[in-house]
Amino acid sequence: MSAIFDSITEFIKEFLISLITGSLGTMFDDVNSKVGTIAADVGQTPQDWNSSVFNLLKNLSDTVILPIAGLIITFVLCYELITLLTEKNNMHDIDTFMFFKYIFKCCVAVLILSHTFDITMAIFDLGQYIVSNSAGVISGNTSIDISSALTDIETTLSAMGIGELFLLVIETSLVSLCMKILSVCITVVLFGRMIEIYMYCSVGPIPFATMTNREWGQIGSNYVKSLAALALQGFFIMVCVGIYAVLVNGFVVTDNLHTTIFTVAAYTVVLCITLFKTGSISKSILSAH
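Residues numbered from 1 in each chain as written. Predicted model: local features only at pLDDT ≥ 70, side-chain atom pairs only at ≥ 80, totals over all residues. Heavy atoms only, no water.

### Considering the overall build of the chain
To keep things clear, this is the line we draw: In DSSP terms, a helix is any run of H or I states spanning at least four residues, a strand is any run of E spanning at least two, and both are numbered starting from the N terminus. For the exposure calls, accessible area comes from a 1.4 Å probe over protein chains only, and a residue counts as buried if that area is under 20% of its type's maximum, exposed if over 50%, partly exposed in between. Throughout, a residue-residue contact means that at least one pair of heavy atoms, one from each residue, lies within 4.5 Å.
Along the chain, the regular secondary structure elements total twelve helices and zero strands. The order of helices and strands in the chain, counted from the N terminus, is α-α-α-α-α-α-α-α-α-α-α-α. The burial tally for the chain puts 39% of its 289 residues in the buried class. For the chain, long-range pairs separated by at least 24 residues make up 86% of all intrachain contacts whose partners lie at least 6 apart in sequence.

Structure (structure tokens):
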């Protein structure tokens, strides 16, 4: 009877150990694969990321937003002319040079408006250059290879009781589920940033139409700062990945599996939280709002 009970106990332990090692072996696959492709995703320009969406938004900008921007720039230039004349003592102190200055300002305004997409893409090309160079500086593997330690872990698990093994099964299952959720969160951050970039690019002619006016120009300048903040966000994402790489490369699997599991999970949680904060950090640095 005792032998049967020992066999059942051993079977249960082997079953629980297989569940634990299986969860540990696949726990970080989604996160590792996603973190490994962050540099490639962040380093893409809006046109490279999805050319179909980019062309759609460019057509919308050219056919829908640009005519509205044309009306706005007409109003702005007329307002500029009225202001220019009234500032000269109600047209009593007019000189011919002010009209040349006004014509030059009109030409610059039209030139900026007609090259809105070129200026916008130049900002993100600069951001891509920064990301590409930072990816070369950030060294180290961002993957957690816990499978190499599974042999030692199985030895440690064999010495545990059924109760503790059952607790570890619950822990590894919950952490594995959380890691999959974190992988989705990383995807949300990357996709959300690119969609935000597309939204900014689609209405670019409107804020650019106000650039040459002193009173309305803050709309255009804030728009440019927001674009630069989105481009700089890619660099901060790479900084987060670099910090994560250093942390996981210095990670050591200990005999205390509870601490091991939650420590590695904490690293990934911190990575996810900081990725969400990169947008607000870049905007606060450039005073974009």
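### Considerations on helix α5 (residues 51-86)
Threshold: A residue's bend is given by the angle between axes fitted to the 7 residues ending at it and the 7 residues starting at it. Polar contact criterion, stated in full: a pair of N or O atoms within 3.5 Å, where within protein one must be able to donate a hydrogen and the other to accept it, and residues adjacent in sequence count only if both atoms are side-chain atoms.
Of all the bends found along α5, the most pronounced is centred on Ile65 and spans about 45 degrees, while Pro67, a proline, follows it within four residues. The set of residues buried in α5 consists of Phe54, Leu57, Ser61, Ile65, Ala69, Ile73, Val76, Leu77, Glu80, Thr83, Leu84 and Leu85. Between the side-chain oxygen of the N-cap and the backbone nitrogen of Ser52 there are 3.2 Å, and the N-cap of α5 in question is Asn50.

### Some words on the nonpolar core
For the record, the criterion: Here the nonpolar core consists of buried residues drawn from Ala, Val, Leu, Ile, Met, Phe, Trp, Tyr and Cys, with membership extended through side-chain atoms lying within 4.5 Å.
Ranked by size, the top nonpolar core spans 16 residues in total, and within it Phe54, Met121, Phe124, Ile197, Tyr198, Cys201 and Leu227 carry the most contacts. Contributing elements (two or more residues each) for this core: α5, α7 (116-137), α9 (162-202) and α11 (217-249). Contacts of Ile197, omitting those with residues within four sequence positions, involve Pro46, Phe124 and Leu230. By size, the runner-up hydrophobic cluster in this structure holds 13 residues, among which are Val131, Val189, Leu190 and Ile237.

### Remarks on a nonpolar patch on the surface
Which entries qualify depends on this criterion: Think of a patch as exposed residues, more than 30% relative accessible area, with no salt bridge, where like charges cluster within 9 Å and nonpolar side chains (Val, Leu, Ile, Met, Phe, Trp, Tyr) cluster within 5 Å. Computed with a 1.4 Å probe, the accessible areas rest on the Shrake-Rupley method; for each residue, only the protein chains presented here act as cover. In what follows, salt bridge is the name for a side-chain nitrogen of Lys or Arg lying within 4 Å of a carboxyl oxygen of Asp or Glu.
Where nonpolar side chains cluster on the molecular surface, the patch consists of Leu56, Leu60, Val64 and Ile68 and spans about 330 Å² of accessible area. In this fold, Val64 is placed in helix α5. Its relative accessible area of 44% is what places Val64 among the partly exposed residues.

### Re the pattern of salt bridges
The final tally for this structure, using the stated rule, is two salt bridges. Here Lys58 makes a salt bridge to Asp62, at a shortest N to O gap of 3.2 Å. You can see Lys58 and its partner Asp62 sitting in helix α5, four residues apart, about one turn around the helix. Taking relative accessible area as the criterion, Lys58 reaches 30% and is therefore assigned partly exposed. Two residues, Glu196 and Lys283, come together in a salt bridge whose shortest N-O distance is 3.0 Å. With a gap of 87 residues between them, Glu196 in helix α9 and Lys283 in helix α12 (residues 257-285) connect regions that are remote in the sequence.

### Observations concerning the side chain of Ser202
Inspection of the secondary structure puts Ser202 in helix α9. At a separation of 2.7 Å, a polar atom in the side chain of Ser202 contacts the main-chain carbonyl oxygen of Met199. Among all residues touching Ser202, those that are not within four sequence positions of it are Leu57, Ser61 and Ile65.

### So, the environment of Phe191
Following the sequence through the fold, Phe191 ends up in helix α9. The class for Phe191 is partly exposed, based on a relative accessible area of 41%. Expressed as a C-alpha distance, the spacing of Phe191 and Val42, which sit 149 residues apart in the sequence, is 9.6 Å.

### Looking at the side chain of Thr116
Among the secondary structure elements, Thr116 is positioned in helix α7. At a separation of 2.8 Å, a polar atom in the side chain of Thr116 contacts the main-chain carbonyl oxygen of Leu113. Excluding residues within four positions of it along the chain, Thr116 makes contact with Gly204, Pro205 and Phe208.

### Things to note about the confidence of the model for the chain
To be explicit about the condition: pLDDT gives the predictor's per-residue confidence on a scale running from 0 to 100.
Of all residues in the chain, 76% attain a pLDDT of 70 or more, and the chain-wide mean is 77. When mean pLDDT is compared element by element in the chain, helix α10 (residues 205-208) scores highest at 88, while helix α8 (residues 150-158) scores lowest at 63.

### Some words on the packing of α5 against α9
How two helices sit against one another is set out by the angle between their axes and by the gap between those axes. Quick note on the threshold: Orientation is described by lines fitted to C-alpha atoms, with helices fitted over the stretch in contact, and by angles between N-to-C directions that extend from 0 to 180 degrees. The cut-offs work like this: below 35 degrees is roughly parallel, past 145 is roughly antiparallel, 65 to 115 is roughly perpendicular, and the gaps in between are oblique. Here is the rule for handedness: rotate from the far helix to the near one, and if that takes an anticlockwise turn smaller than a right angle the crossing is left-handed, while a clockwise turn gives right-handed. Gly is put with the polar residues, along with every residue not named as nonpolar or charged; the nonpolar set is Ala, Val, Leu, Ile, Met, Phe, Trp, Tyr, Cys and Pro, and the charged set is Asp, Glu, Lys and Arg.
Two elements in contact, α5 and α9, have axes whose closest approach is 9 Å; the angle formed by their N-to-C orientations is 25 degrees. Here α5 is positioned roughly parallel relative to α9, judged by the angle of their axes. Here α5 and α9 pass one another in a crossing that is right-handed. Of the residues in α9, those in contact with Val53, Phe54, Leu57, Ser61 and Ile65 of α5 are Tyr198, Cys201 and Ser202. For the contact of α5 with α9, the per-class residue count stands at six nonpolar, two polar and no charged.

### Details of the packing of aromatic side chains
Under the convention used in this document: A pair of aromatic rings is counted whenever rings of Phe, Tyr or Trp (Trp by its six-membered ring) have centres within 6.5 Å, and the orientation is called stacked for planes under 30 degrees apart, edge-to-face for over 60 and tilted otherwise.
Summed over the entire model, instances satisfying the criterion amount to eight aromatic pairs. Relative to Tyr198, the ring of Trp49 has its centre 6.0 Å away and its plane inclined at 50 degrees; by these criteria the two rings are tilted. With Trp49 in helix α4 (residues 46-49) and Tyr198 in helix α9, the pair connects residues that are 149 residues apart, well separated along the chain. Owing to a relative accessible area of 23%, Trp49 belongs among the partly exposed residues under this scheme. Taking relative accessible area as the criterion, Tyr198 reaches 4% and is therefore assigned buried. For the ring pair Phe208 and Tyr223, a centre distance of 5.6 Å and an interplane angle of 80 degrees mean the geometry is edge-to-face. One end of the pair, Phe208, is in helix α10; the other, Tyr223, is in helix α11, and 15 residues separate them in sequence. Relative accessible area serves as the criterion here: at 3%, Phe208 is assigned to the buried category. In this structure Tyr223 comes out as buried when scored by relative accessible area, which is 6%.

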